[in-house]
Amino acid sequence: MTYWNEKAALVTGGSAGLGKAIARSLVSAGARVALVARDASNLRSAADELGGAARGVVSIPADVTREDDVARMAERAGSELGTIDGLFHGAGRSDRGEALATPVSRFDELWRINFVAAVLCAQALAPALRAARGHLVLIGSLASKSASRHLGAYPAAKFALAAFAQQMRLEHDARELHTLLVCPGPLARVDAGSRYDARAVGLPTRPAARAAASNSRASTPSGSPRASSTPAGIGGPS
Ligand SMILES: NC(=O)c1ccc[n+]([C@@H]2O[C@H](COP(=O)([O-])OP(=O)(O)OC[C@H]3O[C@@H](n4cnc5c(N)ncnc54)[C@H](OP(=O)(O)O)[C@@H]3O)[C@@H](O)[C@H]2O)c1
């Protein structure tokens, strides 16, 4: 018997990557799970892969950056799952680029998927989560804690997610609504390290970035603030 046995959870970004891995664990632990993503066909394949209706897996196509979709998603999750013990917000996306060369439209886009979508989902599901004394699990990144070079609009959006998580923890007793911020480093996946290559064109290569970082450390007296700053280049938190 595990904690999640016979409980119910909604996983955004549940058709791929970390979201699907979380959903798989929840299903293995005996939970009923609603998977959410935009592409209905990928969502159906993921739901089938995890055991489908026979294992209590349902799919709810929705774009979590859209308020109307999120409202519909919450309503459908309520009718499919009944109680909702956990919202695992895995939908999100990384980026590459120098901050000053990243168009503001890109900051808007990354902000919407990595931050606003989390707020929309949390607000829509909070009544159900509180009724169940449940869990809000936000998938951040190492970039929620420390910005690296050349990650475009990603760190700013993930930092905001960390602020939201902190505020939620201060405003709600954890026994009534527990908030967890997960901050993974780069995930092991087949396309790890090459996934954002198209957006990284023209940026310093990883060895060059490392060399620059180590030159800067070598020319800085040890123990000074500059010597101890984070030397991460591209390929850091994603
Ligand atoms: N990959 C890493 O190394 C890494 C490291 C640290 C943190 N993270 C974080 O972990 C989370 C998952 O990353 P991942 O790389 O595993 O993701 P992924 O494989 O790219 O999968 C993203 C999932 O989110 C869904 N999604 C994207 N935009 C959506 C939207 N607007 N509405 C609803 N669903 C949407 C996608 O399906 P559709 O496209 O069909 O909507 C898919 O199911 C993200 O928050 C990411 O920032 C990832």
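The structure displayed is predicted, hence computed values, not measured ones. (Residues numbered from 1 in each chain as written. Predicted model: local features only at pLDDT ≥ 70, side-chain atom pairs only at ≥ 80, totals over all residues.)

## Some words on the overall build of the protein
Per the secondary structure count, the protein includes six helices and six strands. Each helix and strand of the protein, ordered N terminal to C terminal, gives the series β-α-β-α-β-α-β-α-β-α-β-α. Going through the 238 residues of the protein one by one, you find that 39% of them count as buried. (Helix = DSSP H or I, 4+ residues; strand = E, 2+ residues; numbered from the N terminus. Buried ≥ 20, exposed ≤ 12 C-beta atoms within 10 Å, placed from the backbone.)

## A look at unusual backbone geometry
A positive phi angle is found at Glu6, which is not glycine, with a value near 65°. Exposure remark for Glu6: the 12 C-beta atoms within 10 Å place this residue in the exposed category. Phi at Arg133 is positive, roughly 50°, even though this residue is not glycine. Relative to the helices and strands, Arg133 is located in the loop between α4 (104–131) and β5 (135–139).

## Here's the deal with the nonpolar core
Residues Val33, Leu35, Val36, Cys121 and Leu125 are the most contacted members of the largest nonpolar core, which totals 56 residues. In terms of residue count, the dominant contributor to this core is α4 (11 residues). With near-sequence residues (within four places) excluded, Val36 lies in contact with Leu10, Val11, Thr12, Gly14, Ile60, Ala62, Val64 and Met73. (Core = buried A, V, L, I, M, F, W, Y, C linked by C-beta atoms within 7 Å. Contact = placed C-beta atoms within 7 Å.)

## A few points about the confidence of the model for the protein
Model confidence for the protein is summarised by a mean pLDDT of 89, while 86% of its residues fall at 70 or above. The model gives residues 218–234 a pLDDT under 50, and that stretch makes 25 contacts with residues more than four places away or in other chains. (pLDDT = per-residue confidence, 0-100.)

## Notes on the pairing of strand β1 (residues 8–12)
Within β1, five of the five residues are buried, leaving the element largely enclosed by the surrounding structure. A two-sided burial pattern is seen for β1, the buried positions comprising Ala8, Leu10 and Thr12 on one face and Ala9 and Val11 on the other. Here β1 runs beside strand β2 (residues 32–37); their pairing, made up of five bridges, is parallel. From the neighbouring strand, Leu10 faces β2, where its bridge partner is Ala34. Handedness of the β1-helix α1 (residues 17–28)-β2 crossover: right-handed. Sheet topology places β1 next to strand β4 (residues 86–89); four bridges connect them, and they run parallel. Counted as the bridge partner of Val11 is Phe88 from β4. (Pairing = 2+ DSSP bridges. Right-handed = clockwise from strand over helix to strand, strands pointing away.)

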